[in-house]
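# Architecture at a glance
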Amino acid sequence: MVLKDVNLRKRFKQHAAKCSPGQVVEGVRRRISILNWITTYDREAMVTDFIAGVTLGLTIIPQSLAYAPLAGLPSHYGLYAAFMGSLVYVIFGTVKEVSVGPTSLMALLAVQYTVDKPIDYMIMLAFLAGVVELLMGIFKLGFLVSFIPIPVTSAFTSATSIIIIGTQLKHLFGIPSNARGFFQTVYSLSAKITQFSAGDLVLGGIAICFLLALRQITKIPVKEDTAGGRFLKKFLWYVSLSRNALIVLITSTVAYRWSNSGEDEVPFKLSGHVKAGIPGFELPIHNVHVGNETIPYFEVVKDLGSSLILVPLVAILANVSIAKAFTAGKIVDASQEMIALGLCNIFGSCFSAMPTCGAFTRSAVSHSSGVRTPLAGMYSAIMTLLALSLLTPYFYFIPKTTLAAVLIVSVAFMIDFSIVDTLRKASKMDTLAWFCCFSVSLFAGVEVGLLFGIFISVVGLLRTWVRPEIAQNSMERAGTRYVKLSPETGLFFPAVDFLRTKVIQVATEQQVPVVVDCSTVIGLDHTSAKGLKMLADELGKIKQQLVLLNLKPGLRKLLVDGAKTADSTITFWEDEAAASVAAPAGTVQMIA
């Protein structure tokens, strides 16, 4: 009893030390990231962040207007997600370049589960995805993202980009279509191609050419050894970054003047009414009303199904990947990034936002703009709020084909087929995972493709443990010939039977001792230990011996104790050059 009391007192003191004021303050600073840098924020950083924030705002506003319809929502819902994600990440985010808001990836993934359902489904998905992300951050479950390898991520991104382009073709051609999926959309458009709108197609083609041209203007050779040259270079850079906002502004102005000219009807489809203002705060935990029908909250959760895991997992993957890309080798606090992303979605959903995550293109804009702190997101959020308050009457005149052009050009450069050649030279299993994820995503949907790609990768990983590559070399020492087998992976229960078969085959065919190089063996489970003992017994019956080379001392006792009672020979080598192959059958020889 006294001992128990002493242990309890020790534990109490340990917990008390962890709960000291200093530890509490440190914990708060770690989770509320703004506290780590706001006290040193100066005027220079403020000016730089303001420029970066305004530049980012010119990018995020037209993108948000385009991504919301991609998710099956009115355009203003994209702006709700843009301003709330930016504001929350300022407080909790750790990577200054990351821009949290609506993305084509989240829009396409979320719409798979909310298509033909009330808008409340999308908002509740954002809330529940945020809760899952927050819990994953609190419980440090970021390691789950490690099960999504780069080839699968590349295939998933490429397939998603192609699907997005496919879904926007109907707006580009001005053809009404309710088809879902890449091939269904292409087939539907092919069947209705004679119904295309010349106005939409011409304007969309001009918009795409404009965006591609402005993307390349930074490559115009400019002499930077003069003040005028440096100014021109900077000017071209800003024009290139603002290309999305410029094309939206130009085409909307054309549509507005055409509509008010009193002449012919505008020859291309317009976005239509966009609701002004910010929605009121409402926690999205309620029943959904559709006409006279009431859908209980938990029935909505059930309908969302696997999206409650897949959407947050993909969002975390995107956010952490972007954070690592812009931190130049510095350690990224993945748990804090998950917490920040979770809070962005939770608070965003309270203001009717769609699911959000970091966007690589916008993060690249922030990086290029010289952003100093996450506070740049506040300025882009203010621009988004101003757009919601003052510009919504003019959003009516934004041509749908213009937004389609913005999306198509944005995602076209995310398609990467060059990785296939690299994978083909490096790994057949990675190549198979890429092709499976890519093709299944196009045929069955991106969520199924992602899961299938992960499954193929995990199967490939398991294959290396169940059927490890075993190098075989004929050796000779002190006039005695033997065969050395070197497994390329560890030796746990899935692989022991395969190794036993290989050893017995070699020993029977060549009638020489077999040496198993255990350099890669980091542990032995009960099954693998039993398997090695049984192998030694089987070799003993044919007057052969099993030699284990470089087996860690901590693993030897498990085998030695069992072998003493068996009619077998197990020999342990530490130094292959100094060891003797000959050993009497039925004994245990340990050469150190």
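Residues numbered from 1 in each chain as written. Predicted model: local features only at pLDDT ≥ 70, side-chain atom pairs only at ≥ 80, totals over all residues. Heavy atoms only, no water.

The criterion, for reference: UniProt positions are given in the numbering used here, feature names are shortened, and annotations may be inferred rather than shown by experiment.
Per an unreviewed UniProt entry, the protein chain carries the name Sulfate transporter and comes from Culex quinquefasciatus. Checking UniProt for the protein chain, the heading Subcellular location (unreviewed entry) contains the comment "Membrane".

## Observations regarding the overall build of the protein chain
Under the convention used in this document: A run of H or I in DSSP counts as a helix once it spans at least four residues, and a run of E counts as a strand once it spans at least two, with each numbered from the N terminus. The cut-offs for exposure are 20% and 50% of the maximum accessible area for each residue type, with area from a 1.4 Å probe on protein chains only; residues under the lower value are buried, those over the upper are exposed, and the others partly exposed. Two residues form a contact once any of their heavy atoms are found within 4.5 Å. Exposure was quantified through the Shrake-Rupley algorithm and a 1.4 Å probe, taking into account, for residues, occlusion by the shown protein chains and nothing else.
Summing up its helical and strand segments, the protein chain has 23 helices and ten strands in all. Here the protein chain, with 592 residues, has 50% of them falling under the buried criterion. Sequence separation of at least 24 residues holds for 76% of the intrachain contacts in the protein chain that already meet a minimum separation of 6. In the form shown here, the protein chain has an accessible surface area of approximately 28700 Å², with 64% of it arising from carbon and sulfur atoms.

## Some details on the pattern of salt bridges
Short version of the rule: For this analysis, a salt bridge means a side-chain nitrogen from Lys or Arg found within 4 Å of a carboxyl oxygen belonging to Asp or Glu.
Evaluated as defined, the whole model comprises eight salt bridges. Salt-bridge contacts for Arg 500 lead to Glu 538; the nearest nitrogen and oxygen are separated by 2.6 Å. With Arg 500 in helix α21 (residues 493-510) and Glu 538 in helix α22 (residues 526-541), the pair connects residues that are 38 residues apart, well separated along the chain. Given a relative accessible area of 15%, Arg 500 falls into the buried group. When its relative accessible area of 26% is taken as the criterion, Glu 538 is described as partly exposed.

## Focus on the environment of Asn 36
Turning to its location among the elements, Asn 36 is positioned in the loop between α2 (21-31) and α3 (43-70). Considered as a pair, Asn 36 and Glu 26 are ten residues apart in the sequence and their alpha carbons are 9.8 Å apart.

## Side note on helix α11 (residues 243-259)
For clarity, the cut-off: An expected span of 1.5 Å times one less than the residue number is assigned to each helix.
With 17 residues, α11 ought to run about 24 Å at 1.5 Å a step, and its terminal C-alpha atoms sit 24 Å apart, in line with that. Arg 243, Asn 244, Ala 245, Ile 247, Val 248, Thr 251, Ser 252 and Ala 255 are the residues of α11 that are buried. Residues of α11 that are buried in the fold lie against α3, α9 (198-216), α10 (227-241) and α17 (400-412).

## Quick word on the side chain of Ser 410
Tracing the sequence through the fold places Ser 410 in helix α17. Not counting residues within four places of it along the chain, the set of residues in contact with Ser 410 comprises Gln 63, Tyr 67 and Asn 244.

## Describing the packing of α3 against α11
This is how the line gets drawn: The axes used here are C-alpha line fits, helices contributing only the stretch in contact, and every angle between their N-to-C directions lies in the interval 0 to 180 degrees. Roughly parallel means an angle under 35 degrees; roughly antiparallel means over 145; roughly perpendicular covers 65 to 115; every other angle is labelled oblique. The sense of a crossing depends on the near helix, which, turned anticlockwise from the far helix by less than a right angle, makes the crossing left-handed and, turned clockwise, makes it right-handed. In the scheme used here, Gly and all other residues not listed as nonpolar or charged are polar, with Ala, Val, Leu, Ile, Met, Phe, Trp, Tyr, Cys and Pro taken as nonpolar and Asp, Glu, Lys and Arg as charged.
Contact geometry for α3 and α11: axes closest at 7 Å, N-to-C directions at 55°. For the element pair α3 / α11, the angle class is oblique. By crossing handedness, the relation of α3 to α11 is classed as left-handed. For the pair α3 and α11, contact is made by Leu 58, Thr 59, Pro 62 and Gln 63 and by Asn 244, Ala 245 and Val 248, respectively. Across the contact of α3 with α11, the residue classes tally to four nonpolar, three polar and no charged.

## Overview of the pairing of strand β6 (residues 480-487)
Selection criterion: Think of it this way: DSSP has to see at least two bridges between two strands before they count as a pair. By convention, orient the strands away from the viewer: a clockwise path from the first strand over the helix to the second makes the crossover right-handed.
The buried count for β6 comes to six of eight residues, which makes it a mostly enclosed element. In this structure, strand β5 (residues 470-477) lies alongside β6, joined through eight bridges in antiparallel fashion. Within the sheet, the bridge partner assigned to Glu 476 lies in β6 and is Arg 481. Alignment of β6 against strand β7 (residues 514-517), held across three bridges, turns out to be parallel. When the sheet's bridge partners are listed, Val 483 is paired in β7 with Val 514. Chirality of the crossover, the property in question, places the unit of β6, α21 and β7 among those that are right-handed.

## Observations regarding a nonpolar patch on the surface
Counted only if it meets this: Patch membership needs two things, relative accessible area over 30% and no salt bridge, and members are linked within 9 Å if like-charged or within 5 Å if nonpolar (Val, Leu, Ile, Met, Phe, Trp, Tyr).
On the surface, Leu 135, Ile 138, Phe 139, Leu 141, Phe 143, Leu 144 and Phe 147 cluster together into a nonpolar patch covering about 660 Å² of accessible area. When you line up the elements, Phe 139 lands in the loop between α6 (119-138) and α7 (150-173). The exposed category is assigned to Phe 139, whose relative accessible area is 57%.

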